[in-house]
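Observations on the model geometry
Listed below, chain by chain, are the residues.
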Amino acid sequence: MKPENRHIEPLLWSLFGAGGMTIAFLVPAVILVVGILMPMGLLPAEALSYERMSAFFLDSWIGKLSAIALLVPGYWGCIHRVYHGMHDLQIHTNEKVKLGCYGSVLVLSIVTVMLVLFG
Amino acid sequence: MSRRPYIRPMPANWFMEKPAYKFYMLREASCVFNLVYSLNLFAGLVQLVRGADAWNGWLAVQSNATMVVFAVITLAMTLLHAVTFINMAPRVSPQQLRKMIPDNIVRAVMFAGLAAVSAVIVGLAYMGAF
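Residues numbered from 1 in each chain as written. Chains lettered and ligands numbered in written order. Predicted model: local features only at pLDDT ≥ 70, side-chain atom pairs only at ≥ 80, totals over all residues.

So, the overall build of chain B
Counting secondary structure elements, chain B contains five helices and zero strands. Ordering the α and β elements of chain B from the N terminus gives α-α-α-α-α. Here chain B has a C-alpha radius of gyration of 20 Å; the compact-globule value for 130 residues is 14 Å, and the former is much larger. Along the longest, intermediate and shortest principal axes, the C-alpha atoms of chain B span 55 × 45 × 35 Å. Within the span of chain B, comprising 130 residues, buried residues form 19% of the whole. Restricting to contacts in chain B with at least 6 residues of sequence separation, those with at least 24 account for 42%. (Helix = DSSP H or I, 4+ residues; strand = E, 2+ residues; numbered from the N terminus. Rg over C-alpha atoms; globule rule 2.2 N^0.38 Å. Buried ≥ 20, exposed ≤ 12 C-beta atoms within 10 Å, placed from the backbone. Contact = placed C-beta atoms within 7 Å.)

Pasting the structure below:
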């Protein structure tokens with residue numbers, strides 16, 4: 001394929017698919033734990049303590065990878081759907097809006113990975 | 001590039017016409033909730049990196065009544081996404097694969113996977129095993 005025929009859409013579509021997957025499989029339990037069980041006092045007091053959370057998500061490799069897998073594909077999945085959802089709502093955008101949407105998610109992804117790896 | 005695609009005029013509330021369209025838009029709306037919630041989780045990561053006080057502040061925000069209501073709605077929308085995602089999975093998978101494995105088996109395995117992953121995450125949190 002000639003370089004001028006390459007499109008970014010397959011890459012964005014793959015990230016959207018990955019995001020759909022992580023949101024479907026990982027996010028429900030995370031919302032249940034962080035947003036409902038913890039506030040209602042249904043978890044042991046120290047379950048989400050700073051010591052435990054930072055030791056897992058910032059200091060262990062499995063935790064670092066979990067944090068990245070939980071957050072980064074989801075950003076791309078959501079922004080892809082928000083961007084295309086604007087079309088469904090009869091808001092017709094242009095290349096600048098598209099660049100703004102995906103560009104801000106690219107920055108957010110890089111910051112997320114940097115925080116997890118070096119934070 | 002000077003692309004000027006023809007845009008067919010449509011009323012902005014076109015989806016109110018049929019129940020199937022309304023359901024499509026409801027499901028698509030879940031992405032807004034998930035985007036906001038992932039920004040909330042990103043804020044949690046930032047606070048975790050900043051230290052114990054910042055993290056405890058973020059946990060306190062999660063216990064705010066408005067935030068709990070938002071979490072409940074987001075969980076419902078996320079489950080709607082999960083159920084529709086799993087139900088359509090056989091239709092978007094490679095069709096050679098689809099001829100070999102019946103749709104209902106694929107869906108059953110994926111629902112079992114969702115239940116197993118959720119049980120592991122909630123179980124680990126409950127046991128404080130993170």
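We are not done yet, so read on.
Focus on the nonpolar core
Looking at soluble globular proteins, one finds that nonpolar side chains tend to be buried together. Residues A:Val30, A:Ile31, A:Val33, A:Leu71 and A:Tyr75 are the most contacted members of the largest nonpolar core, which totals 44 residues. Considering each element in turn, this core owes the most residues, eight residues, to helix α4 (residues 61-88) of chain A. In this view, A:Leu71 contacts A:Thr112, B:Ser38, B:Leu41 and B:Phe42; residues no more than four positions away in its chain are not counted. (Core = buried A, V, L, I, M, F, W, Y, C linked by C-beta atoms within 7 Å.)

Points about unusual backbone geometry
Phi is positive for A:Gln90, which is not a glycine, with a value near 65°. Looking at where A:Gln90 falls in the secondary structure, it is placed in the loop between α4 and α5 (95-118).

What to know about the interface of chain A and chain B
At the junction of the two partners, chain A supplies 46 residues and chain B supplies 44 residues. Taken together, the elements giving at least two residues each to the side of chain A that touches chain B come down to α1 (9-25), α2 (27-37), α3 (50-57), α4 and α5 of chain A. Of the residues in the side of chain A that touches chain B, the class split is 33 nonpolar, nine polar and four charged. (Nonpolar A, V, L, I, M, F, W, Y, C, P; charged D, E, K, R; others polar.)

Topic: the packing of helix α3 (residues 65-92) of chain B against helix α5 (residues 103-127) of chain B
All names here are of chain B. Axis separation between α3 and α5 bottoms out at 8 Å; the angle between their running directions is 150°. The hand of the α3/α5 crossing is right-handed. Facing Ala82, Ile86, Asn87, Ala89 and Pro90 of α3, the residues of α5 in contact are Asp103, Val106, Arg107, Met110, Phe111 and Leu114. A per-class count over the contact of α3 with α5 returns eight nonpolar, one polar and two charged. (Axes fitted to C-alpha atoms, helices over the stretch in contact; angles between N-to-C directions. Left-handed = near helix turned anticlockwise from the far one by under 90°.)

A look at the packing of α4(A) against helix α1 (residues 19-50) of chain B
Axis separation between α4(A) and α1(B) bottoms out at 8 Å; the angle between their running directions is 140°. Relative to α1(B), the element α4(A) is oriented oblique. Here the hand of the crossing between α4(A) and α1(B) comes out left-handed. Packed against α4(A), whose contacting residues are A:Ala67, A:Leu71, A:Gly74, A:Tyr75, A:Cys78, A:Ile79, A:Arg81, A:Val82, A:Gly85 and A:Asp88, the element α1(B) presents B:Met25, B:Glu28, B:Cys31, B:Val32, B:Asn34, B:Leu35, B:Ser38, B:Leu41, B:Phe42 and B:Leu45 at the interface. Of the residues in the contact of α4(A) with α1(B), the class split is 13 nonpolar, four polar and three charged. (Parallel < 35°, antiparallel > 145°, perpendicular 65-115°, else oblique.)

Some remarks on α5(A)
The end-to-end C-alpha separation of α5(A) is 34 Å, in line with the 34 Å expected for 24 residues at 1.5 Å each. Within α5(A) the residues assigned to the buried category are A:Val105, A:Thr112, A:Leu115 and A:Val116. (Expected span 1.5 Å × (residues − 1).)

A few points about the confidence of the model for chain B
Residues and elements named next belong to chain B. On average, chain B scores 94 in pLDDT, and the residues at 70 or more come to 98%. The lowest-confidence element of chain B is helix α4 (residues 95-100), averaging 92 in pLDDT; the highest-confidence one is helix α2 (residues 52-62), averaging 98. Reported confidence for the predicted complex is 0.94 by ipTM and 0.92 by pTM. (pLDDT = per-residue confidence, 0-100.)

Regarding the environment of A:Val105
All names here are of chain A. Looking at where valine 105 falls in the secondary structure, it is placed in helix α5. Between the C-alpha atoms of valine 105 and phenylalanine 25, which are 80 residues apart in sequence, the distance is 21 Å. Residues contacting valine 105, with those up to four places away along its chain left out, are Tyr75, Trp76 and Ile79.

Thoughts on the environment of A:Leu70
All names here are of chain A. Examined against the element boundaries, leucine 70 turns out to sit in helix α4. On a C-alpha basis, the gap between leucine 70 and valine 30 in space is 9.1 Å, while along the polypeptide they are 40 residues apart. Setting aside residues up to four positions removed in sequence, leucine 70 forms contacts with Thr22, Leu26 and Val30.

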